[in-house]
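Below are the chains, spelled out letter by letter.
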Amino acid sequence: EEYTEFQEYIQAEEMYANGIELFEEEQKNSALKPILDIGKLYANLADINYFISNDFDIALYNYNKALSYGYDDSSVLYRSGFIQYTKGDFDKALDNFMKTIAQKNDDVNALFALANVFAIRDNQSMAQGYYKRLITILDNERSRYKILFPQVSPEHYDLVNMYMKTSNNL
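The text that follows walks through the structure, step by step, so that each part is easy to find. (Residues numbered from 1 in each chain as written. Predicted model: local features only at pLDDT ≥ 70, side-chain atom pairs only at ≥ 80, totals over all residues. Heavy atoms only, no water.)

## Description of the pattern of salt bridges
Counted only if it meets this: Salt bridge, as used here: a side-chain nitrogen of Lys or Arg that lies within 4 Å of a carboxyl oxygen of Asp or Glu. The secondary structure listing takes helices from DSSP runs of H or I that are at least 4 residues long and strands from runs of E that are at least 2 residues long, numbered from the N terminus. With a 1.4 Å probe rolled over the protein chains alone, any residue whose accessible area is under 20% of its type maximum counts as buried; one over 50% counts as exposed, and the rest are partly exposed.
Tallying each qualifying case throughout the model produces 8 salt bridges. Salt-bridge contacts for D57 lead to K87; the nearest nitrogen and oxygen are separated by 2.3 Å. Within this pair, whereas D57 is found in helix 4 (residues 56–68), its partner K87 is found in the loop between helix 5 (74–86) and helix 6 (90–103), the two being separated by 30 residues in sequence. Relative accessible area serves as the criterion here: at 47%, K87 is assigned to the partly exposed category. We note a salt bridge from R144 to E141, for which the minimum N-O separation is 2.6 Å.

Okay, here's the thing in structure tokens:
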């Protein structure tokens, strides 16, 4: 994780792969039971595949391994859902986005993605409900500021951008 923190991704990837290999070898030889940390190794490796390499197929494989070892962090669920969404596997994407929202019910990206999946699946009433819920969250966020400066503040830009996309889709 320190290698990743210092943007030394090749070394981080090697360390994660070595840890996974060591666990899998030991598991074969002694029936070692998996622990949550093994899932985290897979998730961390998948993050490198997802964000750095842009290898979504390998990232999805590693995220699925992380989930199989019980590491069902909301970010892992969301990223898995995003990859499945881009591949057109809307049923699995829907499942992962729902699980993400169950863990983190105010995640604007997951709410937006979930509403989009419902819209694609032609369930307009569910899509509308999630878009409206997202608009409410964004309105509450907006009320924290007197004036928005999206051209200066990345946080303001993200808020305005998400509000615009959500309003358009609604």
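## Let's talk about a nonpolar patch on the surface
For clarity, the threshold we go by: Patch rule: a residue counts if its relative accessible area is over 30% and it has no salt bridge; like charges are joined within 9 Å, and nonpolar side chains (Val, Leu, Ile, Met, Phe, Trp, Tyr) within 5 Å. Only the protein chains shown count as cover for residues, with accessible areas throughout obtained via the Shrake-Rupley method and a probe of 1.4 Å.
The grouping of I147, F149 and V152 at the surface amounts to a nonpolar patch, some 320 Å² of accessible area in total. Within the secondary structure, I147 is located in the loop between helix 8 (124–142) and helix 9 (154–169).

## Re helix 3 (residues 36–53)
Spelled out, the test is: Multiplying 1.5 Å by the residue count of a helix minus one yields the expected span of that helix.
Along its 18 residues, helix 3 runs 25 Å from first to last C-alpha, staying within 8% of the 26 Å computed at 1.5 Å per residue. What helix 3 keeps buried is the set I38, G39, L41, Y42, A43, N44, L45, A46, I48, N49 and Y50. Just downstream of helix 3, N54 is the residue with a positive phi angle, here 55°.

## Section: the packing of aromatic side chains
Selection rule: Only the six-membered ring of Trp is used, alongside the rings of Phe and Tyr, when aromatic pairs are assigned; centres must lie within 6.5 Å, and planes under 30 degrees apart are stacked while those over 60 apart are edge-to-face, with the rest tilted.
Evaluated as defined, the whole model comprises 11 aromatic pairs. Aromatic side chains F118 and Y130 sit 5.7 Å apart centroid to centroid with 5° between the ring planes, which places their arrangement in the stacked category. Placement of F118 in helix 7 (residues 108–120) and of Y130 in helix 8 is noted, with a sequence separation of 12 residues between them. Each member of the pair, F118 as well as Y130, carries the same accessibility label: buried. Every member of this aromatic cluster is reached through a ring pair, and the members are Y50, F51, F56, Y63 and F82.

## Thoughts on the packing of helix 3 against helix 5
Using the following cut-off: Lines fitted to C-alpha atoms define the axes, with helix axes restricted to the stretch in contact, and inter-axis angles between N-to-C directions lie between 0 and 180 degrees. Comment on the angle field: the value is read as roughly parallel under 35 degrees, roughly antiparallel over 145, roughly perpendicular from 65 to 115, and oblique elsewhere. Throughout, a crossing is termed right-handed when the near helix is turned clockwise from the far one, and left-handed when it is turned anticlockwise from it by less than a right angle. By definition in these notes, contact holds between two residues if any of their heavy atoms fall within 4.5 Å. Any residue outside Ala, Val, Leu, Ile, Met, Phe, Trp, Tyr, Cys, Pro, Asp, Glu, Lys and Arg is labelled polar, Gly included; the first ten of those are nonpolar and the last four are charged.
Look at helix 3 against helix 5: their axes get within 11 Å of each other, and the N-to-C directions meet at 40°. By the angle class used here, helix 3 and helix 5 are oblique. For the element pair helix 3 and helix 5, the recorded crossing hand is left-handed. Two secondary-structure elements touch here, helix 3 through A43, D47, Y50 and F51 and helix 5 through V76, R79, F82 and I83. Looking at the contact of helix 3 with helix 5, its residues break down into 6 nonpolar, no polar and 2 charged.

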